[in-house]
Amino acid sequence: MALEKKIRELKEKREIVSKGGGDKAIEKQVAMGKLTARDRINSLLDKESFHEYDLFVQHDARDFGMEKKELHGDGVITGTGTLNGNPISIFAQDFTVVGGSLGRMHAGKITKIMDHALKMRMPLIGINDSGGARIQEGVNSLAGYGEIFFRNTLASGVIPQISVILGPCAGGAVYSPALTDWVFVVDNISKMFITGPEVIKSVLGEEISQEDLGGARVHAEITGNAHFFAKTEYECFEQIKKLLSFIPWNNSEKAPKTAPKPPKKEYKIDTIVPEDPKQPYDVRNVIRAIVDDSDFFEVQEMWAANAVIGFGRVNGETVGFVANQPLVMAGVLDVDSSDKIARFIRYCDAFNIPLVTLVDLPGYLPGIDQEHAGVIRHGAKILYAYSEATVPKTTVILRKAYGGGYIAMSSRHLRADFVFAWPGAEIAVMGPEGAANIIFRKEITEAADPEAMRKEKVKEYSEKFANPFVAASKGYIDSVIEPGETRRYIIHAIEVSERKDISMPKKKHGIPPF
Ligand code: HXC
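The present account deals with the structure reproduced in this document. (Residues numbered from 1 in each chain as written. Predicted model: local features only at pLDDT ≥ 70, side-chain atom pairs only at ≥ 80, totals over all residues. Heavy atoms only, no water.)

Observations concerning helix H14 (residues 375-388)
- Compared with an ideal rise of 1.5 Å per residue, which puts 14 residues at 20 Å, H14 spans 20 Å between its outermost C-alpha atoms and is within 8% of the ideal.
- Burial in H14 covers these residues: Val375, His378, Gly379, Lys381, Ile382, Ala385 and Tyr386. Within H14, the buried residues cover an arc of 130 degrees as seen down the axis, which keeps them to one side.
- On the buried face of H14, the contacting elements are strand S12 (317-324), helix H12 (335-350), strand S13 (355-361), helix H13 (368-372), strand S14 (393-402) and helix H15 (403-408). (Helix = DSSP H or I, 4+ residues; strand = E, 2+ residues; numbered from the N terminus. Expected span 1.5 Å × (residues − 1). Buried < 20%, exposed > 50% of the residue type's maximum accessible area, 1.4 Å probe, protein only. Arc of directions from axis to C-beta. Contact = heavy atoms within 4.5 Å.)

Put into structure tokens, the structure is as follows:
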């Protein structure tokens, strides 16, 4: 009987505490078009799989009237559950409890679940909806964020870390996500900034809306902080599930294999790339013509669109695709696309995902803007990332591979395992026109008909270098293949690389051009 009473009391306590900031605050949250923290967890994880911990944790702040406040769950829900049938750790900040702000005990709940995730080698999902460090708690909140950042760094490259931004997030609530692997945002709901509009107004006297400062589109299109953009929270959860279906649960496992499927018939690989090297096309259709069921899951689709990155399966095996996108700025490499590509290579390398690189680019983008934005430093990140990556690396040159672009895009010289080229590939220091203008300048200007001479010299240069056979004759390319043979060659390359084992010189770590 006594036990029954205690169980009843426990149920009542659970009921009260699980209401977060109370009915009114929840109403406000829902009116803003947001789910509650608890609904978010339950919608994302497998049905009824969530197990909560530290529900009764209380804050210990004693200043600014905080001593009189009881904060249910201290503004964050933490626990474990399953997703796609596999174990997962999760926390969701509750904006209804003092704006989801992070104090000492709130941070303690998060670091505890992070420690579980790392120890059990399972992914960590953090749902961020927080005004950042709890101002009333002073240095204790800063200490809390420091502890989180440290753990984000320890877990980096060991377990997948996923951040979902589902509210106005400031300060540490965006710096922790920036240290994680994947950031998901939702239109009209997600906001990310280091300092919010109110602080900006008081310090700089400028008025700016949360949306303009750091809305979902700002981070999906301009800053590149977000990797996935969704229209609704539910769509966002589907994206998370899809991502997790492609990647392994930790760095000592391989991504789950699925039953092989052929690409859809509507993607005809030999008709996608135009012969004229100046004509654009969508390289994603080439990827769709290669991957199982033509299912390509693109990452950072809206940012630095001159490069395409993402996951697909080839004969059931997850592959990380990197490609130049001739549809946008002719597929050149610039500051942002270099950052985008380099980081993705490092993710795939850390998590045992083979890389396939599709090359068609005129090189690095010239000009004062790019030079001053640091294209040397950023561009070098690709060279570093490919050189360092030890996962199987397969490269297919579709059309142009000029200059630094040829070297950077997973060339033999950066230790690609297999390099294939289509018959229309052009491998040269630069495009025939630019090259002829430089090396035959004298002949062209002194000719009776300079334009005719220029055309002749362009043709001469094209015939000599604008083909794959010079590179193939040196062994820089392993095979010149028909477009229709591409999938078969990639499948085989990945199969024979199954037991690839190479080691790098012993060192603590390198010094990449961050
Ligand atoms: C304590 C906070 C808080 C915070 C919000 N609240 N942020 N309480 N500490 N950091 C409280 C508000 O007082 C309010 O309480 C409730 O949460 C809801 O906030 P609103 O301001 O009404 O909501 P909204 O208008 O949507 O604005 C959200 C916001 C804004 C943009 C996040 O609240 C804001 O700018 N907060 C401060 C952001 C910030 O500068 N944080 C510190 C960052 S420094 P009531 O009781 O009125 O409902 C940091 C250190 C780490 O994080 C640094 C990393 C390197």
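The rest of the description comes next.
Quick look at the side chain of Asn250
- With respect to the helices, strands and loops of the structure, Asn250 is situated in the loop between helix H10 (233-246) and helix H11 (283-288).
- The exposure class assigned to Asn250 is buried, which follows from its relative accessible area of 4%.
- Side-chain polar atoms of Asn250 contact the side chain of Ser252, separated by 2.9 Å.
- In this structure, Asn250 is in contact with Arg121, Val158, Ile159, Pro160 and Phe351, ignoring residues within four places of it in sequence. (Polar contact = N/O pair within 3.5 Å; in protein donor to acceptor, adjacent residues only side chain to side chain.)

Describing the nonpolar core
- Within the largest apolar cluster, 93 residues are counted, with the highest numbers of intra-cluster contacts made by Ile125, Trp182, Ile240, Phe311 and Ile397.
- Look past the residues within four positions of Ile397 in its chain and what remains in contact with it is Val359, Tyr406, Val419, Phe420, Ala421, Trp422, Ala425, Ile427 and Ile477.
- In this structure, Ile287, Phe321, Val356 and Val396 belong to the second largest nonpolar core, which totals 26 residues. (Core = buried A, V, L, I, M, F, W, Y, C linked by side-chain atoms within 4.5 Å.)

A short note on the site of the ligand
- Taken together, 22 residues are adjacent to the ligand, and Gly99, Gly131, Ala133, Ile135 and Gly172 come closest.
- Within the contact set of the ligand, a nitrogen atom lies 2.7 Å away from a backbone nitrogen or oxygen of Gly131.
- Taking Ala133, its main chain carries an N or O atom lying 2.9 Å from a nitrogen atom of the ligand.
- Protein contacts shield 62% of the accessible area of the ligand, which totals 1,000 Å² for the unbound molecule.
- Sorting the residues of the shell around the ligand by element identifies helix H5 (139-155), strand S6 (168-170) and helix H6 (172-179) as the ones contributing at least two each.
- The element that contributes the greatest number of residues to the shell around the ligand is H5, accounting for three residues.
- In the shell around the ligand, the residues fall into 12 nonpolar, nine polar and one charged. (Near = heavy atom within 4 Å. Areas by Shrake-Rupley, 256 points an atom, 1.4 Å probe, with all protein chains shown as cover. Nonpolar A, V, L, I, M, F, W, Y, C, P; charged D, E, K, R; others polar.)

What to know about the side chain of Gln239
- Mapped onto the elements, Gln239 comes out in helix H10.
- When neighbours within four sequence positions are excluded, Gln239 is seen to be in contact with Phe184, Phe228, Phe229, Ala230 and Phe297.

What about the packing of H12 against H14?
- Interaxial distance between H12 and H14 falls to 8 Å at its minimum, and their mutual angle equals 20 degrees. Viewed along their axes, H12 and H14 adopt a mutual orientation that is roughly parallel. The interaxial crossing formed by H12 with H14 has left-handed handedness. Contacts from Val335, Ser338, Asp339, Ile341, Ala342, Ile345, Arg346 and Asp349 in H12 reach Val375, His378, Gly379, Lys381, Ile382, Ala385, Tyr386 and Glu388 in H14. (Axes fitted to C-alpha atoms, helices over the stretch in contact; angles between N-to-C directions. Parallel < 35°, antiparallel > 145°, perpendicular 65-115°, else oblique. Left-handed = near helix turned anticlockwise from the far one by under 90°.)

Focus on the environment of Ile481
- Position of Ile481 relative to the elements: it lies in the loop between strand S17 (479-480) and helix H20 (486-496).
- Expressed as a C-alpha distance, the spacing of Ile481 and Ala421, which sit 60 residues apart in the sequence, is 6.1 Å.
- Residues contacting Ile481, with those up to four places away along its chain left out, are Phe420, Ala421, Trp422, Pro423, Thr486 and Tyr489.

Some words on the environment of Ala2
- On the secondary structure map, Ala2 appears in helix H1 (residues 2-17).
- Take Ala2: its relative accessible area is 57%, and that puts it in the exposed class.
- Through-space distance from the C-alpha of Ala2 to that of Ala350 is 54 Å; in sequence the pair is 348 residues apart.

Examining the sheet that holds strand S1 (residues 51-53)
- A sheet is described by the order of its strands in space; here seven strands give the open sequence S1-S2-S3-S4-S5-S7-S9, paired in mixed fashion. Looking along the sheet, the strands with just one partner apiece sit at the ends: S1 and strand S9 (228-230). Ignoring strand direction, the axes of neighbouring strands in this sheet form an average angle of 20 degrees.
- Pairing of strand S5 (residues 161-165) with strand S7 (residues 182-186) involves four bridges; the strand directions are parallel. When the bridges of S7 are listed, Val164 appears paired with Phe184.
- Here H10 sits on the sheet in contact with strand S2 (76-83), strand S3 (86-93), strand S4 (124-128), S5, S7 and S9, set at roughly 160 degrees to S7. (Pairing = 2+ DSSP bridges.)

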